[in-house]
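One-letter residues, chain by chain:
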Amino acid sequence: MKAPKEILILTSTWFYMMYPAYLRFAQKNGWHITLCERSAPPKDWHGDGVITMMLNTPTMVGFVKYLKSRGIPCVDILNAVPSLKLPCVVSDYVAAAQLAARHFRDCGFRHTAFFAMEHTKMHDELYGHFVRATKGETPRRWIWPEKTANPNNYVAHTKWVRSLLRKTPLPIAVWCFNDYNAASFADICSKAGFKIPEDVAILGHGDITMHTQTAVVPLSSVAVNWERRARTACSLLDRLMKGGTPPERPIAIKPLGVTIRKSTDAIAIANQTLRKAICTATDSGQRAYSVDQIARAMDTPRSTLNALSKDELGKSLHDAINAERMRKAERLLADTDMKLSAIATDLGFCHASYFIRLFRTAKGMTPTEWRKSAQTPVRPRDPTPREAPPPPGS
């Protein structure tokens, strides 16, 4: 019987989303995998190949040099130390930045920012990609100056974020370096009294459910294709162990898209009076409001509200409210199993029949038909991973 290949994977809990793909490849190809924390590689390890999440530390750099001296192939999934010239499989940061910028643009945000809780060259490069992808006002650069994220900095981070937001025009949309940063940012915003997403819309990066689903508000995120990234790294290592030639450039894996959750589920409305009027009519748990009722409740003439709406959104308040209801209905239809009657009530409609009729007029199909199409998406066939100029890893 053929002996299994001995494979070492130096990783961290951050990249647990790649583990299932590693397992499937190992079972199919007769690999025996040893998982090890990347900061503590085993001394004098002997085996056939390594997949590593590289760190620029003396210990890891020394370990990679040891592997090279013994002719053991090594594939990096981070590219944090390009000087080592390791074969790399990384996330396509250029494409991720383009998705983030387009998502904010689609939501109508004029003010944007990039947030990170530590500062390395990788953070600067991702911010640069975001700036180039953004049309209009340059995104604000909110990057903490220290090179390593430190949980003990929570109080300092909180004061820093609060000071940034107090002198920033709202609403603002913030793209965070990863989902952990996004969850921390959301926690600070919430405790400081800023509404998510009405005041601050927050977008993560990675779509790691442990962070996106447990934050103070469910987080939207640019979804990394973890499955393909892991599978491509395994395939590349397998090729190298068989004597294949390494790629000249890192292989960049495109993201799957933006997973939209509540943290960016809002239209950007700068005028506070207009925003309150639309939120009153569309927020979950509110009773059904007519435009006249909203005007009376806010002690603001209907004509004033209509003028504000036409000035900022180019439509009457009635049409703006219904447009926001339709946008929220799309998310509820795609992401929940709520009955149509419950969705209608949640969005402030008196009758489900009116909601269904309005939705059909706006979308050209019934809510049930739209839900079926949204919950069974057809993704384009993922192309063969392309070799691209070295982007930083995710």
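Residues numbered from 1 in each chain as written. Predicted model: local features only at pLDDT ≥ 70, side-chain atom pairs only at ≥ 80, totals over all residues. Heavy atoms only, no water.

(A) View of the environment of D319. Structurally, D319 can be placed in helix α12 (residues 317-335). Sequence separation between D319 and S309 is ten residues, and the spatial gap between their C-alpha atoms is 9.2 Å. (Helix = DSSP H or I, 4+ residues; strand = E, 2+ residues; numbered from the N terminus.)

(B) Looking closely at the pattern of salt bridges. In total, this model carries 14 salt bridges according to the counting rule given. In this structure, K254 and D92 form a salt bridge, with 3.7 Å as the shortest nitrogen-oxygen distance. Taken together, the residues K254 in the loop between β11 (251-253) and β12 (257-259) and D92 in the loop between β5 (89-91) and α3 (93-106) connect sequence positions 162 residues apart. A relative accessible area of 3% means that D92 is categorised as buried. The shortest N-O distance in the salt bridge between R327 and E324 comes to 2.9 Å. Note that R327 and E324 are positioned in helix α12 at a spacing of three residues, about one turn of the helix. Owing to a relative accessible area of 5%, E324 belongs among the buried residues under this scheme. Via salt bridges that share partners, R24, E227 and R231 belong to a single interconnected network. (Salt bridge = Lys/Arg side-chain N within 4 Å of Asp/Glu carboxyl O. Buried < 20%, exposed > 50% of the residue type's maximum accessible area, 1.4 Å probe, protein only.)

(C) How the structure looks around the pairing of strand β3 (residues 49-52). Of the two faces of β3, the one carrying G49 and I51 and the one carrying V50 and T52 are both buried. Here β3 pairs with strand β4 (residues 74-76) via three bridges, running parallel. Note on β4: the bridge partner recorded for V50 is C74. Since β3 and β4 lie parallel, the crossover through helix α2 (residues 58-69) that links them has a hand, and here it is right-handed. (Pairing = 2+ DSSP bridges. Right-handed = clockwise from strand over helix to strand, strands pointing away.)

(D) Region of the structure containing the layout of surface pockets. Counted as a void, the second largest pocket has a volume near 490 Å³. Around the second largest pocket sit 15 residues that line it, and V258, I260, E330, R331 and W370 are the ones nearest its centre. Of all the secondary-structure elements, those providing two or more residues to the lining of the second largest pocket are α3, β12 and α12. Top element by residues in the lining of the second largest pocket is α12. It accounts for five residues. Residue composition of the lining of the second largest pocket, by class: six nonpolar, three polar and six charged. (1 Å grid on protein atoms, 1.4 Å probe; cavity = no way out; pocket = protein on both sides within 12 Å on 5 of 7 lines; lining within 4 Å. Points joined across faces, edges and corners; volume = space filled by probe spheres on them. Nonpolar A, V, L, I, M, F, W, Y, C, P; charged D, E, K, R; others polar.)

(E) Seen up close, helix α4 (residues 121-133). An ideal rise of 1.5 Å per residue puts 18 Å on 13 residues; α4 measures up with 19 Å between its terminal C-alpha atoms. Here α4 has its buried residues at M122, H123, L126, Y127, G128, H129, F130 and A133. Those residues of α4 that are buried are in contact with α3, β6 (112-116), β7 (140-143), β8 (172-176) and β9 (200-206). (Expected span 1.5 Å × (residues − 1). Contact = heavy atoms within 4.5 Å.)

(F) Representation of empty space enclosed by the protein. Summed over all chains, the structure comprises one cavity of 30 Å³ or more. Here the largest cavity defines a volume of roughly 90 Å³. Lining the largest cavity are twelve residues, and of these E198, A266, I267, C279 and E324 sit closest to its centre. Among the secondary structure elements, those contributing two or more residues to the lining of the largest cavity are α9 (272-282) and α12. It is α9 that provides the largest number of residues to the lining of the largest cavity, a total of four residues. Taken together, the residues of the lining of the largest cavity break down into five nonpolar, one polar and six charged.

(G) Molecular detail of the nonpolar core. Judged by nonpolar contacts, the single largest core of 51 residues is most densely connected at Y22, W31, I51, I77, F114, F130 and W175. Per-element accounting of this core gives the leading share, eight residues, to helix α8 (residues 226-241). Setting aside residues no more than four positions away along its own chain, Y22 makes contact with I9, I33, I51, I77, A230 and C234. (Core = buried A, V, L, I, M, F, W, Y, C linked by side-chain atoms within 4.5 Å.)

(H) Structural context of the environment of Y154. Along the chain, Y154 turns up in helix α5 (residues 154-166). Among the residues examined, Y154 registers a relative accessible area of 34% and is labelled partly exposed. Expressed as a C-alpha distance, the spacing of Y154 and I188, which sit 34 residues apart in the sequence, is 9.1 Å. Contact partners of Y154, with chain neighbours within four places excluded, come to D187, I188 and K191.

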